[in-house]
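Read off the chains here:
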Amino acid sequence: MTDDGAGPVWAQKRRRSGSPPVVGFLVGLLALFGALVLVLSVMDRSVAEAGARVDGWIGKGLEMVGGAAEKAPEAAEKAADEAGQAAEKTGEAVEAGAAATATGMKKAG
């Protein structure tokens, strides 16, 4: 027990670290990037070649994202058209069902 009577050490509340979790995540991400460049530098025997390889990977990734971003408006327009057509078909089916129900009620009544 402690001298101030707060209880055993394992029962006391722990102090939180001062930095938010996002900072730890970013530091970890930078450490992984640094380790990747270090490994590639050893493999290529040149930091410049390792940087060029990583730059090529980043360029390919940006091309993929850019291509998808350019196609997004067209895909959204197509999806909206298809949704409109589906809504029209649903409305027609509801109208047909209501007409059939009305006809059935007239025959029964």
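Preceding block: the structure.
Criteria and cut-off values
- Residues numbered from 1 in each chain as written.
- Predicted model: local features only at pLDDT ≥ 70, side-chain atom pairs only at ≥ 80, totals over all residues.
- Heavy atoms only, no water.
- Salt bridge = Lys/Arg side-chain N within 4 Å of Asp/Glu carboxyl O.
- Buried < 20%, exposed > 50% of the residue type's maximum accessible area, 1.4 Å probe, protein only.
- Helix = DSSP H or I, 4+ residues; strand = E, 2+ residues; numbered from the N terminus.
- Polar contact = N/O pair within 3.5 Å; in protein donor to acceptor, adjacent residues only side chain to side chain.
- Patch = residues over 30% accessible without salt bridge, like charges linked within 9 Å, V, L, I, M, F, W, Y side chains within 5 Å.
- Areas by Shrake-Rupley, 256 points an atom, 1.4 Å probe, with all protein chains shown as cover.
- Axes fitted to C-alpha atoms, helices over the stretch in contact; angles between N-to-C directions.
- Parallel < 35°, antiparallel > 145°, perpendicular 65-115°, else oblique.
- Left-handed = near helix turned anticlockwise from the far one by under 90°.
- Contact = heavy atoms within 4.5 Å.
- Nonpolar A, V, L, I, M, F, W, Y, C, P; charged D, E, K, R; others polar.

Once that is clear, we can look at the pattern of salt bridges. Applying the stated criterion to the full structure yields one salt bridge. For the salt bridge of Asp44 with Arg53, the shortest nitrogen-to-oxygen distance reads 2.8 Å. Classification of Asp44 as buried rests on a relative accessible area of 17%. The class for Arg53 is partly exposed, based on a relative accessible area of 31%.

Glancing now at unusual backbone geometry. Unusually for a residue other than glycine, Arg45 sits at a positive phi of about 60°. Here Arg45 shows up in the loop between helix H1 (21-44) and helix H2 (47-108). Relative accessible area serves as the criterion here: at 78%, Arg45 is assigned to the exposed category.

Time to look at the side chain of Ser46. With respect to the secondary-structure elements, Ser46 resides in the loop between H1 and H2. Polar side-chain contacts of Ser46 include one of 3.3 Å to the backbone nitrogen of Ala48. At 3.3 Å, the side chain of Ser46 forms a polar contact with the backbone nitrogen of Glu49.

Taken together, the side chains of Val22, Phe25, Leu26, Leu29 and Leu32 define a hydrophobic patch exposed on the protein surface, amounting to about 530 Å² of accessible area. The topology assignment puts Phe25 in helix H1. Taking the relative accessible area as the measure of exposure, Phe25 reaches 56% and is therefore exposed.

This paragraph deals with the packing of H1 against H2. Interaxial distance between H1 and H2 falls to 7 Å at its minimum, and their mutual angle equals 125°. Classified by the angle their axes make, H1 and H2 are oblique. Judged by the sense of rotation from one axis to the other, the crossing of H1 with H2 is right-handed. Residues Phe33, Leu36, Val37, Leu40, Ser41, Met43 and Asp44 of H1 form the contact with H2, whose participating residues are Val47, Glu49, Ala50, Arg53, Val54 and Trp57. Residue composition of the contact of H1 with H2, grouped by class: nine nonpolar, one polar and three charged.

Coordinates in, geometry out; function isn't part of it.
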